[in-house]
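Given next are the chains, with one letter for each unit.
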Amino acid sequence: ERPEEPWFLFALYIDPHDPYLPHEDFWFGPPREEEFHEGSREHLARMDVSNQKYRADRKTIRDLYDGGIAYVDSRLGELFRTLDDEGLADDTVVMITSDHGEGLWDHLEHRAHGQFLYEELVRVPLMVRWPGRSIAHTRVADPVQAFGLFGALADGFDLPVRHQAPSLLSYLDGTAPQEKIFMENVSERAAFRAWVDWPRKLIFNDTTGRGEKYNLERNPGEEIRPRTRRKLPTEFLTAMDSVSAVNAEWRAGVEFVGEMPQPSEEEIEALRALGYIE
């Protein structure tokens, strides 16, 4: 039955994510007759501790990861077909994105996520279908920040929110200027910041005081070469501090107006199980 009131659905597909377990019909590696456990968290923990000992298992992990992507793709297809079948597709905004990628040993023998800011970790899919907007079947080459999705929804639907953050609506209408992208990742071992002014990218390690400079057009895989890591010139660090301050203002400037709906106990437990709240 077609809903009479506006509605919102947040569909969280946890795959592809560890443990990397095979999905039926979505295994792309060589044939295997026996059951295998390379993608289990126990095996991954052994790989993380003894990286070289289990080096031969890396291809299997990548194959499992690819299978997880294909599995989620098939489930998204089911969701979109449901929208079509229920007659909802022509007036429903759809946004697809991800919170991060996985290292899978592309840099510094690192498998997971949560520490570095290389492209395999921070460049994620972003697809938007917004009926009535002027751009259709268009690929936007400029890098954008996922935070702009919040601004787009707030502005596009007149939500009771005040914010200073950028909105991706300007990209959907073809009026957006290219923006500078700022990222940061703080862990117990190190604190990293990154700044992208396409095609330049700077990664700065606050712990060591040294940085990495890349041109993503000439070196999209961020191959670490001689002189890649060095002390960055002062003007680069000043620019990074400036962009960092602007991003902090955006985050601090979000304010909800009116009473917010409260999650149920079941929703709170689900968020706790995923590790999003304590």
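Just so we're clear, the structure is a prediction, and the values are computed from it rather than from any experiment.

Some words on the overall build of the protein
Part 1 of the argument: When helices and strands are counted, the protein shows seven helices and nine strands.
Part 2 of the argument: For the protein, the spread of C-alpha atoms along the three principal axes comes to 60 × 60 × 40 Å.
Part 3 of the argument: Residues classed as buried in the protein amount to 36% of the 278 residues present.
Part 4 of the argument: Pairs at least 24 residues apart make up 56% of the contacts formed inside the protein by residues separated by at least 6 positions.
Part 5 of the argument: Accessible area of the protein: about 18000 Å², with a carbon and sulfur share of 52%.
Part 6 of the argument: Here the protein contributes 32 positive and 52 negative side-chain charges, whose respective centroids are spaced 11 Å apart.

Looking at the sheet that holds strand β8 (residues 229-230)
Part 1 of the argument: Across the sheet, five strands lie side by side as β4-β5-β6-β7-β8; this open sheet has antiparallel pairing. A strand with exactly one partner marks an edge of an open sheet, and here the two such strands are β4 (181-186) and β8.
Part 2 of the argument: Both strand β5 (residues 191-197) and strand β6 (residues 200-205) contribute to a ladder of six bridges, which runs antiparallel. Residue R193 lies in a different strand from β6, and its bridge partner there is F204.
Part 3 of the argument: Sitting on the sheet, helix α6 (residues 234-252) is in contact with β4, β5, β6 and β7 (210-215), with an inclination near 95 degrees to β5.

Quick notes on the pattern of salt bridges
Two side chains of opposite charge can pair, provided their charged atoms sit close to one another.
Part 1 of the argument: One pass over the structure, following the stated rule, counts 15 salt bridges.
Part 2 of the argument: Residue D48 is joined to R111 by a salt bridge in which the shortest nitrogen-to-oxygen separation is 2.9 Å. Here the residue D48 occupies a position in helix α1 (residues 41-49), and R111 occupies one in the loop between β1 (94-97) and α3 (119-122), the gap between them amounting to 63 residues.
Part 3 of the argument: Classification of R111 as buried rests on a relative accessible area of 7%.
Part 4 of the argument: E109 is the salt-bridge partner of R55, the closest N and O atoms lying 3.6 Å from each other. Placement of the pair is R55 in the loop between α1 and α2 (58-85) and E109 in the loop between β1 and α3, with a sequence separation of 54 residues.
Part 5 of the argument: Among the residues examined, R55 registers a relative accessible area of 41% and is labelled partly exposed.
Part 6 of the argument: Residue classification places E109 among the partly exposed residues on the basis of a relative accessible area of 33%.

A look at the pairing of β1
Part 1 of the argument: Burial of β1 is one-sided: the residues V94 and I96 facing one way are buried, the residues M95 and T97 facing the other way are not.
Part 2 of the argument: Here β1 runs beside strand β2 (residues 126-129); their pairing, made up of four bridges, is antiparallel. Each bridged residue has a counterpart across the sheet, and for M95 the counterpart in β2 is V128.

Topic: a nonpolar patch on the surface
Part 1 of the argument: Together, F8, F10, L12, I14, L271, L274, Y276 and I277 line one region of the surface with nonpolar side chains, adding up to about 820 Å² of accessible area.
Part 2 of the argument: In this structure, L274 sits in helix α7 (residues 265-274).
Part 3 of the argument: By relative accessible area, L274 is classed as partly exposed at 40%.

Digging into the side chain of N215
Part 1 of the argument: Turning to its location among the elements, N215 is positioned in strand β7.
Part 2 of the argument: Only 3.0 Å separates the side chain of N215 from the backbone nitrogen of E217, close enough to count as a polar contact.
Part 3 of the argument: Only 3.2 Å separates the side chain of N215 from the backbone nitrogen of R218, close enough to count as a polar contact.

Observations concerning the environment of L88
Part 1 of the argument: Examined against the element boundaries, L88 turns out to sit in the loop between α2 and β1.
Part 2 of the argument: Taking the relative accessible area as the measure of exposure, L88 reaches 11% and is therefore buried.
Part 3 of the argument: Apart from residues lying up to four places away in sequence, L88 is in contact with R2, P3, W7 and L83.

Considering the pairing of β6
Part 1 of the argument: Counted residue by residue, β6 has five buried out of six residues, so it is predominantly covered.
Part 2 of the argument: Where β5 hands over to β6, the hairpin turn is made up of two residues, counted between the paired strands.
Part 3 of the argument: Note that β6 and β7 share six bridges and pair antiparallel. Counted as the bridge partner of K201 is Y214 from β7.

Basis of the calculations
- Residues numbered from 1 in each chain as written.
- Predicted model: local features only at pLDDT ≥ 70, side-chain atom pairs only at ≥ 80, totals over all residues.
- Heavy atoms only, no water.
- Helix = DSSP H or I, 4+ residues; strand = E, 2+ residues; numbered from the N terminus.
- Buried < 20%, exposed > 50% of the residue type's maximum accessible area, 1.4 Å probe, protein only.
- Contact = heavy atoms within 4.5 Å.
- Areas by Shrake-Rupley, 256 points an atom, 1.4 Å probe, with all protein chains shown as cover.
- Lys, Arg positive; Asp, Glu negative; His and termini not counted.
- Charge placed at Lys NZ, Arg CZ, Asp CG, Glu CD.
- Pairing = 2+ DSSP bridges.
- Axes fitted to C-alpha atoms, helices over the stretch in contact; angles between N-to-C directions.
- Salt bridge = Lys/Arg side-chain N within 4 Å of Asp/Glu carboxyl O.
- Patch = residues over 30% accessible without salt bridge, like charges linked within 9 Å, V, L, I, M, F, W, Y side chains within 5 Å.
- Polar contact = N/O pair within 3.5 Å; in protein donor to acceptor, adjacent residues only side chain to side chain.

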